[in-house]
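What follows is the residue order along each chain.
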Amino acid sequence: MSSVFGKSRVGSGPQSAPLEVNLAILGRRGAGKSALTVKFLTRRFISEYDPNLEDTYSSEEIVDHQPVHLRVMDTADLGFPPLPQDTPRNCERYLNWAHAFLVVYSVDSRQSFEGSSSYLELLALHAKETQRNYPALLLGNKLDMAQYRQVTEAEGAALAGRFGCLFFEVSACLDFEHVQHVFHEAVREARRELEKNSLARPLFISEERALPHQAALTARHGLASCTFNTLSTVSLKEMPTVAQAKLVTVKSSRAQSKRKAPTLTLLKGFKIF
Ligand SMILES: Nc1nc2c(ncn2[C@@H]2O[C@H](COP(=O)(O)OP(=O)(O)OP(=O)(O)O)[C@@H](O)[C@H]2O)c(=O)[nH]1
């Protein structure tokens, strides 16, 4: 038995070959994508992070008694001038890779809520263009900050209802079980869809061609540099590299040493306390 993030790996014999599920976490900067990802993978809450990092982690999970090899892409959509900072770009890297999406906003930020709406529209458009259903879950994060709410639970539920997706309010710094439940729900949704379509893992196919619908979305949400892929005249690209999730132990910072912590465990660029 080996472990990834301290979780048990399951056997990979022919009968127990794990289902492979790719999950992308989308949302505006600061919504808590990394915090939720790290909470799920390590049961811990991060307080410092590098917003420019985008990584894909893998974890062996058991969902409803079934082994699942789960890959989680913690996305970082970094706009650049003259685009607004939070403009999603190069969306195909996750649109063509993920089996399901977690769209995250922060309940104490109206802006992040509006951002999540743009992401849901992007997914709906992608589903329409590819004639496939991509399960998405809407997450209102930072529930522990409910006293500073700018988005009511009813508004979150209404937005999710508009796009036909599940909705949860969560907190990356409260109980692990709730966060785990949400990720497992995403796996269930993805599994249902995979079973329905009897699909293997999708190819990462890219064609740099804007579709007519994209213009409308661009105009409405400034999703200027997203490209959508069709199956005509395609070029195959490599799958995004999976950074095997691993815990790295590094030397402590000076602040840490003062607290008599000789080493500090980092998950890629994230400081975990
Ligand atoms: N109180 C509270 N703070 C949170 C929660 N989740 C994240 N944060 C904090 O919010 C800030 C942003 O969290 P991140 O996880 O880095 O957000 P992100 O969506 O990954 O942001 P980018 O990496 O910039 O795209 C950090 O200071 C976190 O510590 C939460 O549930 N509750």
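Residues numbered from 1 in each chain as written. Predicted model: local features only at pLDDT ≥ 70, side-chain atom pairs only at ≥ 80, totals over all residues. Heavy atoms only, no water.

Of the residues in the protein, 60% have a pLDDT of 70 or more, and the chain-wide mean is 74. Between residues 1-14, whose pLDDT stays under 50, and residues either more than four places distant or in other chains, the model counts 27 contacts. Every residue in residues 205-266 scores below 50 in pLDDT, and together they form 129 contacts with partners more than four places removed in sequence or on other chains. Across the assembled chains, the prediction reports ipTM 0.98 with pTM 0.73. (pLDDT = per-residue confidence, 0-100. Contact = heavy atoms within 4.5 Å.)

All right, on to the packing of helix H3 (residues 110-130) against helix H4 (residues 153-163) then. In contact at an axis separation of 10 Å, H3 and H4 are set at 10° when each is read in the N-to-C sense. The angle between the axes of H3 and H4 places the two elements in the roughly parallel class. Taking contact as the criterion, the partners of Arg110, Phe113, Ser116, Ser117, Leu120, Glu121 and Ala124 in H3 are, on H4, Glu155, Gly156, Leu159, Arg162 and Phe163. For the contact of H3 with H4, the per-class residue count stands at 5 nonpolar, 3 polar and 4 charged. (Axes fitted to C-alpha atoms, helices over the stretch in contact; angles between N-to-C directions. Helix = DSSP H or I, 4+ residues; strand = E, 2+ residues; numbered from the N terminus. Parallel < 35°, antiparallel > 145°, perpendicular 65-115°, else oblique. Nonpolar A, V, L, I, M, F, W, Y, C, P; charged D, E, K, R; others polar.)

This part covers the environment of Cys165. Following the sequence through the fold, Cys165 ends up in the loop between H4 and strand S9 (166-169). On the basis of relative accessibility, which here comes to 14%, the residue Cys165 falls in the buried class. Discounting residues that sit within four places of it in the chain, Cys165 has contacts with Leu120, Ala136, Leu137, Leu138 and Ala160. (Buried < 20%, exposed > 50% of the residue type's maximum accessible area, 1.4 Å probe, protein only.)

Strand order in the open sheet made by the 6 strands is S5-S6-S3-S7-S8-S9, with mixed pairing throughout. Pairing within the sheet leaves two strands with one partner each, and these edge strands are strand S5 (55-63) and S9. On average, each strand axis in the sheet is tilted by 25° relative to the strand beside it, whichever way the strands run. As paired strands, strand S3 (residues 19-27) and strand S7 (residues 100-106) are joined by 5 bridges and run parallel to one another. Within S7, the residue paired with Ile25 across the bridge is Leu102. Packing of helix H1 (residues 33-42) onto the sheet brings it into contact with S3, S5, strand S6 (66-74), S7 and strand S8 (136-141), and relative to S6 it is tilted by some 155°. Against the sheet, H3 touches S3, S7 and S8, its axis set at about 160° to S7. (Pairing = 2+ DSSP bridges.)

Inspection of the region around the ligand gives 20 residues, with Gly30, Lys33, Ala35, Asp144 and Ala172 positioned closest. A distance of 2.7 Å separates an oxygen atom of the ligand from a polar backbone atom of Ala35. One nitrogen or oxygen atom from the main chain of Ala172 is found 2.8 Å from an oxygen atom belonging to the ligand. When the ligand sits alone it has 640 Å² of accessible area, and the protein chains cover 88% of it. When residues of the shell around the ligand are assigned to their parent elements, the largest contribution, 3 residues, is made by H1. In the shell around the ligand, the residues fall into 9 nonpolar, 6 polar and 5 charged. (Near = heavy atom within 4 Å. Polar contact = N/O pair within 3.5 Å; in protein donor to acceptor, adjacent residues only side chain to side chain. Areas by Shrake-Rupley, 256 points an atom, 1.4 Å probe, with all protein chains shown as cover.)

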